[in-house]
Amino acid sequence: MIPFLDKKQIYLIGFMGAGKTTVGKLLAEKLNQPFVDIDDVIEKKADLTIPIMFEKFGENYFRKLETDALQRIASDRGNVIATGGGIILNAENRRIMKSTGITIFLKWHSAVLFQRIKNSTHRPLLKSINESQLVHQIETMLNQRQPFYEQADIIIDANESTSPDAIVELIIQQLMSRNQMDKEP
Ligand code: S3P
């Protein structure tokens, strides 16, 4: 635990395929804080996978469980939390994250996101579409979501970064300079 974080929660936000889980686990290790993946919490609680949940009960059902899970997790302290890409769509979710922690947006260019998710099989919002539809789908969803991602406390422009380790280093630098700014009169 780094004392300057003051046990605030750290929320990683960003589009599907941004690496929130991979980076989150590494960051949690570095900061010696517990790691929580909201999608995992939802799946365990419902005893269903997210694709099956979407198929059987629809997206709204999933979104309700997502807010419930966030509310429970947010009441704890000092975790590194990987969120699902759509968590920022809901105003209440945004309020909870802002009021309980620091939000970090892992920002990638849409072309890079396309490469990272084109072979994904476990994402219900991207299933049953071909590659050109996927390009369009990513653009459309990013247009809607980017303004909310951009409200993050810290934005990591990950396009230049070569590895999850490099991204973690960038995050730690930003957290430290933020701490410095907090101290300045
Ligand atoms: C979603 C992203 C997924 C998961 C669900 C919905 C979204 O998480 O929460 O399939 O709306 O972008 P990842 O961002 O971890 O893929």
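Above this note sits the structure.
Residues numbered from 1 in each chain as written. Predicted model: local features only at pLDDT ≥ 70, side-chain atom pairs only at ≥ 80, totals over all residues. Heavy atoms only, no water.

**Q** Sorry, what's going on with the packing of helix α3 (residues 50–57) against helix α4 (residues 59–74) here?
**A** If you want to describe how two helices pack, look at the angle between their axes and the distance between the axes. Two numbers describe how α3 lies on α4: the axes approach to 7 Å, and their chain directions differ by 130°. In terms of their interaxial angle, α3 and α4 are classed as oblique. Residues I50, M53, F54 and F57 of α3 touch α4, and the partners they reach there are E59, Y61, F62 and L65. Considered class by class, the residues forming the contact of α3 with α4 number seven nonpolar, no polar and one charged. (Axes fitted to C-alpha atoms, helices over the stretch in contact; angles between N-to-C directions. Helix = DSSP H or I, 4+ residues; strand = E, 2+ residues; numbered from the N terminus. Parallel < 35°, antiparallel > 145°, perpendicular 65-115°, else oblique. Contact = heavy atoms within 4.5 Å. Nonpolar A, V, L, I, M, F, W, Y, C, P; charged D, E, K, R; others polar.)

**Q** Can you help me understand the site of the ligand in this one?
**A** Taken together, the neighbourhood of the ligand is formed by 13 residues, with K20, D39, R63, R123 and R145 sitting nearest. Within the contact set of the ligand, an oxygen atom lies 2.6 Å away from a side-chain nitrogen or oxygen of R63. At 3.3 Å from an oxygen atom of the ligand is found a main-chain nitrogen or oxygen belonging to G86. Protein contact buries 94% of the 380 Å² of open area that the ligand shows by itself. Residues belonging to the shell around the ligand are distributed by class as follows: five nonpolar, three polar and five charged. (Near = heavy atom within 4 Å. Polar contact = N/O pair within 3.5 Å; in protein donor to acceptor, adjacent residues only side chain to side chain. Areas by Shrake-Rupley, 256 points an atom, 1.4 Å probe, with all protein chains shown as cover.)

**Q** In this structure, what is going on with the side chain of N93? I would like to understand it.
**A** By the secondary structure assignment, N93 is in helix α5 (residues 91–100). From its side chain, N93 meets the backbone oxygen of I87 in a polar contact 3.0 Å long.

**Q** What exactly am I supposed to notice about the pattern of salt bridges here?
**A** A side chain of one charge can pair with a side chain of the opposite charge when the charged atoms of the two come close. The tally for this structure, following the rule as stated, stands at seven salt bridges. Where R63 meets E59, a salt bridge forms, and the shortest distance between an N and an O atom there is 3.0 Å. Of this pair, R63 and E59 both sit in helix α4, four residues apart, roughly one helical turn. A relative accessible area of 16% means that R63 is categorised as buried. Each of E59, R63 and E66 takes part in salt bridges that share partners, so that together they form one network. (Salt bridge = Lys/Arg side-chain N within 4 Å of Asp/Glu carboxyl O. Buried < 20%, exposed > 50% of the residue type's maximum accessible area, 1.4 Å probe, protein only.)

**Q** Quick question: what am I supposed to make of the packing of helix α2 (residues 38–46) against α4 here?
**A** Between α2 and α4, whose axes approach to 9 Å, the crossing angle comes to 110°. The orientation of α2 relative to α4 falls into the category roughly perpendicular. Between α2 and α4, the residues in contact are I38, D39, V41, I42, K45 and A46 and F62, L65, E66, A69, L70, R72 and I73, respectively.

**Q** I tried to follow the nonpolar core on my own but got confused; where do I start?
**A** For soluble globular proteins, the rule of thumb is that nonpolar side chains tend to be buried together. F15, I104, L106 and I171 are the most contacted members of the largest nonpolar core, which has 54 residues in total. The element that contributes the greatest number of residues to this core is α4, accounting for six residues. Beyond its immediate stretch of four places on either side in the chain, F15 contacts K20, L113, I117, I138, M141, L142, R145 and Y149. (Core = buried A, V, L, I, M, F, W, Y, C linked by side-chain atoms within 4.5 Å.)

**Q** Explanation requested: the pairing of strand β1 (residues 9–13) in the structure shown.
**A** On a regular strand, one side chain projects to one face of the sheet and the next to the other, so that they alternate. For β1, the tally of buried residues reaches five of five residues, placing the bulk of the element in the interior. Here β1 shows two buried faces, one formed by Q9, Y11 and I13 and the other by I10 and L12. As paired strands, β1 and strand β4 (residues 101–107) are joined by five bridges and run parallel to one another. Of the residues in β4, the one forming a bridge with I13 is F105. In the sheet, β1 pairs with strand β3 (residues 80–82) via three bridges, with the strands oriented parallel. Considered in β3, the bridge of Y11 is made with I81. (Pairing = 2+ DSSP bridges.)

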